[in-house]
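# Breakdown of the fold
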Amino acid sequence: QKEVEQNSGPLSVPEGAIASLNCTYSDRGSQSFFWYRQYSGKSPELIMFIYSNGDKEDGRFTAQLNKASQYVSLLIRDSQPSDSATYLCAAPEGANNLFFGTGTRLTVIP
Amino acid sequence: DAGVIQSPRHEVTEMGQEVTLRCKPISGHNSLFWYRQTMMRGLELLIYFNNNVPIDDSGMPEDRFSAKMPNASFSTLKIQPSEPRDSAVYFCASSPRQGSPLHFGNGTRLTVT
C-alpha cells in the first residue's frame, strides 16, 4: 500500500497560469508534509513544508493541507517556464524517514 | 556549507563487479539516508542512519547491498555483485534532526551493463 500518491502527469499549463499539484496520503497520523522540486538530471530540493491545516504561502507558492481529507496540494501562481520540473510530495514514515510520492511532472508552456 | 557530497557522479560497470558509492553528509547533521531513484519506482529509501547507527535497512533490496557509516562524516553504499537491474540514480541525503527536511546530494548515476 502506497503511503503517498500523486498523479504522475504530465501536467501542462501556460505561462502565467496557476499550476495545481495534488497529493494524498494514507497515514492519518502524519503531521508534516514536504514538497520537493526536481529538475531533470538534478537532485530534489525542498521548496515548501507544511504542518498545520490550511494554507501556507511563500512567494508564488502556496501549500494547502487538509488533514480530514488526507490531501496536500501545491499551487504555483504566475507559472514560469523555469518552474518546469517534477514535483515530489513527501510525508513522514516512522520516526525519521520521508516517504516520497512518485512525483508529478509539470511543464509550463511559454 | 558545501552541502551533501556524493562520489562518483557517474559509474559505469559490468555485471558482477563491485560498486562502492560514497557520501559525506552536511556537518552537524545526525541522520543520513540512502535513496534509489528509477523511472518506474520513483525515490525509494534503502537505509538510514541516526548518529552513525543503522536504524532501518528494510529497503535494502538484497544481500548484495550493504551500507556503512564508520563516522559522522562518511558513509558508503556497496553493491556486490552488481546486476543490470541495479542501474539507477542513488541519492544520499542528510538531515539535522528527526523530522527535519532532507538535504540531498547530487546523486550517483549507476549503469550496470
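About the thresholds
- Residues numbered from 1 in each chain as written.
- Chains lettered and ligands numbered in written order.
- Predicted model: local features only at pLDDT ≥ 70, side-chain atom pairs only at ≥ 80, totals over all residues.
- Heavy atoms only, no water.
- Helix = DSSP H or I, 4+ residues; strand = E, 2+ residues; numbered from the N terminus.
- Rg over C-alpha atoms; globule rule 2.2 N^0.38 Å.
- Buried < 20%, exposed > 50% of the residue type's maximum accessible area, 1.4 Å probe, protein only.
- Contact = heavy atoms within 4.5 Å.
- Areas by Shrake-Rupley, 256 points an atom, 1.4 Å probe, with all protein chains shown as cover.
- Core = buried A, V, L, I, M, F, W, Y, C linked by side-chain atoms within 4.5 Å.
- Disulfide = S-S within 2.5 Å.
- Buried area = accessible area lost by both parts, 1.4 Å probe.
- Salt bridge = Lys/Arg side-chain N within 4 Å of Asp/Glu carboxyl O.
- Polar contact = N/O pair within 3.5 Å; in protein donor to acceptor, adjacent residues only side chain to side chain.

Below, the discussion takes up the overall build of chain A. The number of helices and strands found in chain A is zero helices and eleven strands. The order of α-helices and β-strands along chain A, N terminus first, is β-β-β-β-β-β-β-β-β-β-β. Since a compact globule built from 110 residues should have a radius of gyration of about 13 Å, the 13 Å found for chain A is in line with a globular shape. Seen along its three principal axes, the alpha-carbon backbone of chain A occupies a region of about 40 × 30 × 20 Å. Taken over 110 residues, chain A has a buried fraction of 43%.

Looking now at the overall build of chain B. The secondary structure content of chain B amounts to zero helices and eleven strands. Secondary structure elements of chain B, listed N to C terminal, follow the sequence β-β-β-β-β-β-β-β-β-β-β. What you see for chain B is a C-alpha radius of gyration of 13 Å, in line with the 13 Å of a compact globule of 113 residues. Every one of the 113 residues in chain B was classed for burial, and the buried ones make up 47%. In chain B, the share of contacts with a sequence separation of at least 24, taken over all contacts with a separation of at least 6, comes to 53%. With an accessible surface of roughly 5700 Å², chain B has 48% of that area assigned to carbon and sulfur atoms.

Right, let's talk about the nonpolar core for a bit. If you look at the biggest cluster of nonpolar residues, it comprises 23 residues, and the most contacted ones within it are Phe33, Trp35, Val72, Leu74, Ile76, Tyr87 and Leu106 of chain A. Residue assignment for this core shows that the elements contributing at least two residues are strand S3 (19-25), strand S4 (33-38), strand S5 (45-50), strand S7 (61-66), strand S8 (71-76), strand S9 (85-93) and strand S11 (104-109) of chain A. Those residues in contact with Phe33 of chain A that lie beyond four places of it in its chain are Tyr25, Met48, Phe49, Ile50, Leu65, Val72, Ala90 and Ala91 of chain A. The next biggest cluster of nonpolar side chains, apart from the first, holds 21 residues, and it includes Val19, Met60, Leu77 and Tyr90 of chain B.

On to the state of the cysteines. Here, disulfide denotes a covalent bond that connects the sulfur atoms of two cysteines. Following the criterion strictly, the structure yields two disulfides over all chains and no others. The disulfide partner of Cys23 of chain A is Cys89 of chain A, and the gap between their sulfur atoms is 2.1 Å. In this structure the cystine formed by Cys23 of chain A and Cys89 of chain A twists about its S-S bond by roughly -70 degrees; its chirality is therefore left-handed. Of this pair, Cys23 of chain A sits in strand S3 while Cys89 of chain A is found in strand S9, placing the two residues 66 residues apart along the sequence. This pair shows no difference in class: Cys23 of chain A is buried, exactly as Cys89 of chain A is. The partner cysteine of Cys23 of chain B in its disulfide is Cys92 of chain B, sulfur to sulfur 1.9 Å. As the torsion about the S-S bond is roughly -70 degrees, the Cys23 of chain B-Cys92 of chain B disulfide counts as left-handed.

This brings us to the interface of chain B and chain A. Contacts between the two partners involve 18 residues from chain B, matched on the other side by 14 residues from chain A. Across the interface of chain B and chain A, roughly 1400 Å² is buried in total on both sides, 55% from carbon and sulfur atoms. Of all residues in chain B, Leu43, Pro101 and Phe104 of chain B bury the most surface against chain A, accounting for 31% of the area lost on that side. Between chain B and chain A we count zero salt bridges in total. Counting across the interface, chain B meets chain A through four residue pairs in polar contact (both at pLDDT 80 or more). Among the elements of the structure, strand S4 (31-38) and strand S5 (42-50) of chain B are those that each provide at least two residues to the side of chain B that touches chain A.

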